[in-house]
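Listed below are the residues making up each chain.
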Amino acid sequence: SRVYRSHPTGYAAVDAICDYYNTLQSRTVKPDVQPGYLIKALPTSAPTTGQPFAEIAADFQKHIVPGLTHWQHGKFFAYFPACTTFESMLGDLYSSSVTNPGFNWTCSPACTELEQVVLDWMVDVLGLDKIFLTSSGRGGGIISGSASESALTAAIGARERALRVLTQQASNGALSLSDAIDVPDKRREENTAKLVMYGSTQTHSLGAKAAKILGLTFRALPVRAADNYALRGATLAAAVEEDIANGLIPFFAIGTVGTTSTGAVDYIAEIGQVVRAHPTMFLHIDSAWAGVAYALPETREELRLAEVNEYADSFCTNMHKWGLVGFDCSLFYVRERRDLTEALDVTPAFLRTKEGDEGSVIDYRNWQLALGRRFRSIKLWFVLRSYGVEGLQKHLRTGIEYCDELAKLVKASSNFEIVAPPSLSLLDFRLVPANAAHSEAELNALNRDLHARLVMHPDVHLTQTLLKSEESEVFCIRFAIGQNRTTLADVQEVWAIVEAEATRLLLKRKV
Ligand code: PLP
């Protein structure tokens, strides 16, 4: 057809993508390339004249695919699942076909309004409090690029709110909180330097990074193995009191639901009560990986949803991890949208619009760090409609079921132990030889050796972690299930390799 002749490469590209998925399981999970492989293979400057697209697409297969780690492979169990679906890919394609920076409602009304609709759908799917609905007129949600960006944005909102509270306090209540924003406070710089953020040693590096970017202090508070590596309110309270006694100003706490290392769930109500007792403080819940599991009613209690609903000032979960939507799609909700807009609304004359001035629309630029933004809600809309809530739930339950099966295998193996309670689809294990006593340091060394062997194996991709608690420091290996292409056989086969490598290692060491 005429269309086909004028756009031949588009169809070929879709075919090539389908072929990739059809042959994916026959590939190894990890690539077999050395650092610099691609830099050596490609020219050092851009071509002067255009090249045929077929040639370019062929080079994608020749040079790029061999250097890919196949995150969509059924045997990918490293880091976290980063699922995608054809619906999500097509959503991204549609999005880039109408590319626009959607920063104001007026830029592209559909861009803003679809995001409002699907973010409200997700409040319902996840069982979040109705205050997080954008239609509540008070709270609301936005899609950001990453949980790190969401946490940084929350921290900026929290900082500005804390500074307003301090200005208001200094005026002895003569100012309301919203009036405080308009009062130039000469103590701003002085107060800012005293602000402190809190998380635990298990908080994702996004906490320390947000503090670094803002030039503030982040305190990584200790956790106990006996508490399954979850942060307790008493630990936070002690740190907050200590800082106040030293003239510092606590302003931001991160509670994690589903920590990166073990999937631990912080004691949100305990932490929330500490935060609530201090008017300068704000509670952000990072649930980047586990939060999508709120879509399952049966996990809500274990994941302390009611506590999140009661205490969170903001909440984040990534649909681009376990949620079937390709990177990037981080859902970021706030209880009070004012916390964002009062921190981030900077409106020069050229960005003013009639609707924005009237306050009848949302201009997402005032809720985020950048001006422009991608039309990410399309892929979320496509996935939610195509899978339905039941399809998403089925996918999540499959990951949990496979993890339960893996836990049985680990328990049945006399040389391994489960290090922390399995969390949803994540299991941490280590090698503990049955017939010999070992110190913790020896066990850590042994497990580092085992992991080093697994790193060499092209079909195994498992990441390691070091669990630091008040009691111990444990090196262990994480098995992160949740890929939508994973079968139970994939889990079993990779576990069999782990066991075989462990046997070889123990034989070599004559343990
Ligand atoms: N928070 C937690 C608990 C995570 O497990 C991860 C995973 O990488 C992140 C944050 C980082 O997410 P992002 O890459 O979206 O910033």
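Only a predicted model underlies this, so the values are computations on that prediction, with no experimental measurement involved. (Residues numbered from 1 in each chain as written. Predicted model: local features only at pLDDT ≥ 70, side-chain atom pairs only at ≥ 80, totals over all residues.)

1. Examining the domain arrangement of the protein
Domain boundaries in the protein define domain 1 (2–68), domain 2 (105–382) and domain 3 (395–509). Spacing between the C-alpha centres of domain 1 and domain 3 amounts to 35 Å. (Domains from an automatic or database assignment.)

2. A few points about the pairing of strand β10 (residues 464–468)
The sheet contact formed by β10 and strand β11 (residues 473–480) spans five bridges and is antiparallel. Considered in β11, the bridge of Leu466 is made with Phe475. Counting the residues between successive antiparallel strands, the hairpin from β10 to β11 contains four residues. (Pairing = 2+ DSSP bridges. Helix = DSSP H or I, 4+ residues; strand = E, 2+ residues; numbered from the N terminus.)

3. Remarks on the environment of Thr192
In this structure, Thr192 sits in helix α8 (residues 188–193). Here Thr192 falls in the partly exposed class, since 17 other C-beta atoms lie within 10 Å of it. Once the C-alpha coordinates of Thr192 and Leu248 are considered, the two residues, 56 residues apart in sequence, prove to be 9.7 Å apart. (Buried ≥ 20, exposed ≤ 12 C-beta atoms within 10 Å, placed from the backbone.)

4. Here's the deal with the packing of helix α5 (residues 86–97) against helix α15 (residues 377–412)
Relative orientation of the contacting elements α5 and α15 amounts to 145°, with a least axis distance of 7 Å. The interaxial crossing formed by α5 with α15 has right-handed handedness. The segment α5 lies against α15, with Glu87, Ser88, Leu90, Gly91, Asp92, Tyr94 and Ser95 engaging Ile378, Lys379, Phe382, Val383 and Ser386. Grouping the amino acids of the contact of α5 with α15 by side-chain chemistry returns five nonpolar, four polar and three charged. (Axes fitted to C-alpha atoms, helices over the stretch in contact; angles between N-to-C directions. Left-handed = near helix turned anticlockwise from the far one by under 90°. Contact = placed C-beta atoms within 7 Å. Nonpolar A, V, L, I, M, F, W, Y, C, P; charged D, E, K, R; others polar.)

5. Here's the deal with the sheet that holds strand β2 (residues 195–200)
Pairing in this open sheet of seven strands is mixed, and the strands run β1-β7-β6-β5-β4-β2-β3 from one edge to the other. Where the open sheet ends on each side, the last strands, each with one partner, are β1 (140–144) and β3 (217–221). Each neighbouring strand pair of the sheet contributes to a mean axis angle of 20°, computed without reference to strand direction. Examined bridge by bridge, strand β4 (residues 249–256) and strand β5 (residues 282–286) share five bridges and lie parallel to one another. Counterpart to Ala253 in the pairing with β5 is Leu283. Lying on the sheet, helix α6 (residues 109–126) is in contact with β1 and β7 (330–334); it crosses β1 at an angle near 110°.

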